[in-house]
Amino acid sequence: MSFRALLTERDDAGLVSSRVQAIDEAALPEGDVVVDVAWAGFNYKDGLCLTGGGALVRNYPHVAGVDFSGTVRSSSDPRYREGQSVVLTGWRVGEIHWGGFAQRARVKADWLVPLPDGLTLRDAMVLGTAGLTAMLAIERLEAAGLKPEDGDVLVTGGSGGVGSLAISLLGRLGYAVTALSGRPEHEAGLRALGASGFLRRDDFLAEAAKPLESARWAAAIDNVGGAILGRLLKQVRYGGVVASVGNAGGIALETNVLPFILRAVTLIGIDSVMQPTPVRVAAWQRLAGLFDSASYARHVEEVRLEDLPDAAKRILSGQVHGRVLVRPD
Ligand code: NDP
């Protein structure tokens, strides 16, 4: 039986393009569990996969989509039964394995997480990779000793998926959060989500840079890298910790060692893709208890498979706000 999928292809000239096509289940890659996809998330990395960026996709034709939620259609693995609600993020699904931009996916049972109680399939993809990553980053900050009374936490790329969800989760946990964003039009929305401060990206970079600046942040979650990460490290308080999550603003890191050797600042890396299953299950359960879907609703946009090539251009040029949800029907 055939179903709809957004098939991404590369022509002889190397041009990558995608269009919705009917494909047969027999065309799906090998795996133990077939899932009827209810929702897929749309992430920065999906923008790269749909446009051939970052050399993430190696084989064509390809079905992108790094995260999805849905219902088990069939399973040869005893851990999953027909009708069970599941979530998948990471494991390079959507990059080297066919992903969620289709009505159906076949994946390894090892990659799945049962949908935690308290979340709908839709909520799970409002969170998606972005929400899981934000939760993992917060947990690493907590493990480094961060507590709400320590002071302000800076979140960069504030109006993006990871950024806005990090602001929302930190706010729910009682932290004072400052959002850094290139889009002042989202200030009110980010404050409503939980930010108590707002910094414009241009203003932040325009201040004269010094080797070490006034200490302002107890911690930071950085989604953009580049000049902004280099700059914020110089503003972190003694003993503070910074989680490096993303590179939406570039992969370079220009800074100096003074924040590390004079202020004992710690820079930690966050990866959501290859996290072991027990870590994921625990993070999803915590998300289910923390996430306030009603207050996040205004930051969610729904699109269909046909809309994704355009969404890819928007996310890669920093124009997407909050989370984009994909309905594969
Ligand atoms: P989004 O596109 O939703 O958010 C990125 C945000 O970064 C934008 O909304 C924008 O926020 C800001 N931004 C965009 N371009 C620039 C720029 N040139 N300079 C400075 N800021 C910029 O992406 P996601 O939230 O999905 O992902 C954020 C980053 O984290 C990406 O690099 C992604 O690849 C990475 N990521 C990493 C994961 C991991 O496991 N380590 C998992 C998930 C994502 P604003 O306009 O508010 O400034």
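Thresholds, definitions, all that
Residues numbered from 1 in each chain as written. Predicted model: local features only at pLDDT ≥ 70, side-chain atom pairs only at ≥ 80, totals over all residues. Heavy atoms only, no water. Phe/Tyr/Trp six-rings, centres within 6.5 Å; stacked < 30°, edge-to-face > 60°. Lys NZ or Arg CZ within 6 Å of the ring centre and 35° of its normal. Near = heavy atom within 4 Å. Polar contact = N/O pair within 3.5 Å; in protein donor to acceptor, adjacent residues only side chain to side chain. Areas by Shrake-Rupley, 256 points an atom, 1.4 Å probe, with all protein chains shown as cover. Helix = DSSP H or I, 4+ residues; strand = E, 2+ residues; numbered from the N terminus. Nonpolar A, V, L, I, M, F, W, Y, C, P; charged D, E, K, R; others polar. Domains from an automatic or database assignment. Contact = heavy atoms within 4.5 Å. Buried area = accessible area lost by both parts, 1.4 Å probe. Axes fitted to C-alpha atoms, helices over the stretch in contact; angles between N-to-C directions. Parallel < 35°, antiparallel > 145°, perpendicular 65-115°, else oblique. Left-handed = near helix turned anticlockwise from the far one by under 90°. Pairing = 2+ DSSP bridges. Salt bridge = Lys/Arg side-chain N within 4 Å of Asp/Glu carboxyl O.

J.: Hey, could you run me through the packing of aromatic side chains in this one?
T.: Aromatic rings in a pair are described by how distant their centres are and how their planes are angled relative to each other. Inspection of every chain in the model, using the stated rule, returns two aromatic pairs. The positively charged end of Arg122 is found above the aromatic ring belonging to Trp39, 5.4 Å away from the centroid.

J.: I'm lost on the site of the ligand in this one. Help?
T.: By nearness alone, 27 residues border the ligand, and Ser159, Ser181, Gly182, Ile270 and Ser272 come closest of all. Taking Gly158, its main chain carries an N or O atom lying 3.5 Å from an oxygen atom of the ligand. Ala248 is positioned with one of its backbone polar atoms (N or O) 3.2 Å from an oxygen atom of the ligand. Coverage of the ligand by the protein amounts to 87% of the 910 Å² it exposes when considered alone. If you list the elements that add at least two residues to the shell around the ligand, you get helix 2 (121–143) and helix 3 (161–172). Considering only residue class, the shell around the ligand consists of nine nonpolar, 15 polar and three charged. Both domains that furnish three or more residues to the shell around the ligand are identified here as domain 1 (2–115 + 297–327) and domain 2 (128–269).

J.: Before we go on, may I ask you to explain the domain arrangement of the protein in this structure?
T.: As a measure of interface size, the accessible area lost when the parts come together is often cited. Along its sequence, the protein is carved into domain 1 (2–115 + 297–327) and domain 2 (128–269). Computed from C-alpha atoms alone, the centre-to-centre distance between domain 1 and domain 2 is 29 Å. Residue-level contacts link 14 residues of domain 1 with 15 residues of domain 2. Carbon and sulfur atoms make up 54% of the surface buried where domain 1 meets domain 2, a total of about 990 Å² over both sides. In terms of surface lost to domain 2, no three residues of domain 1 exceed His299, His321 and Arg323, which account for 41% of the buried area on that side.

J.: What's the story with the packing of helix 1 (residues 44–51) against helix 10 (residues 308–316) in this structure? I'm lost.
T.: The relative placement of two packed helices comes down to the angle between their axes together with the axis-to-axis distance. Contact geometry for helix 1 and helix 10: axes closest at 8 Å, N-to-C directions at 120 degrees. As far as their axial angle goes, helix 10 and helix 1 are oblique. Here helix 1 and helix 10 pass one another in a crossing that is left-handed. Of the residues in helix 10, those in contact with Tyr44, Gly47, Leu48, Leu50 and Thr51 of helix 1 are Leu308, Ala312, Ile315 and Leu316. A breakdown of the residues in the contact of helix 1 with helix 10 according to their chemical character gives seven nonpolar, two polar and no charged.

J.: Honestly, the sheet that holds strand 4 (residues 62–63) in this entry has me stumped. Any pointers?
T.: The pairing of strands in a sheet comes from backbone hydrogen bonds and takes either a parallel or an antiparallel form. The three strands are arranged 2-1-4 in an open sheet whose pairing can be described as antiparallel. Of all strands in the sheet, those with a lone pairing partner are strand 2 (16–24) and strand 4, marking the two edges. Relative to strand 2, strand 1 (residues 2–10) runs antiparallel, the two sharing nine bridges. The residue of strand 2 that forms the bridge with Thr8 is Ser18.

J.: How should I be thinking about the environment of Met135 in this particular structure?
T.: Along the chain, the position of Met135 falls in helix 2. As for Met135 and Leu121, which are separated by 14 residues in sequence, their C-alpha atoms are 18 Å apart. Leaving out residues up to four positions away in the same chain, Met135 has contacts with Leu169, Ala283, Arg286, Leu287 and Leu290.

J.: What am I meant to see in the sheet that holds strand 11 (residues 195–200) here?
T.: Read across the open sheet, the six strands follow the order 11-10-9-12-13-14; overall the sheet is parallel. Only two strands of the sheet have a single partner each, and these edge strands are strand 11 and strand 14 (266–269). Going across the sheet, the axis of each strand differs from the next one's by a mean of 20 degrees, ignoring polarity. Two strands pair when backbone bridges link them, and strand 13 (residues 236–244) and strand 14 are joined in this way by four bridges, in the parallel orientation. When the sheet's bridge partners are listed, Val242 is paired in strand 14 with Leu267. Helix 3 contacts strand 9 (153–155), strand 10 (177–181), strand 11 and strand 12 (217–222) of the sheet and is inclined by roughly 155 degrees relative to strand 9. Together, strand 9, strand 10, strand 12, strand 13 and strand 14 form the strand contacts of helix 6 (residues 226–233), whose direction differs from that of strand 13 by roughly 155 degrees.

J.: Please clarify how the pattern of salt bridges should be interpreted in this entry.
T.: Opposite charge on two side chains allows them to pair when their charged atoms are near. Considering all chains together, one arrives at 20 salt bridges under this definition. We note a salt bridge from Glu25 to Arg73, for which the minimum N-O separation is 3.8 Å. Taken together, the residues Glu25 in the loop between strand 2 and strand 3 (33–42) and Arg73 in strand 5 (residues 67–75) connect sequence positions 48 residues apart. Its salt-bridge partner being Glu95, residue Lys45 comes within 2.9 Å of it at the nearest N-O pair. Placement of the pair is Lys45 in helix 1 and Glu95 in the loop between strand 6 (85–89) and strand 7 (104–107), with a sequence separation of 50 residues.

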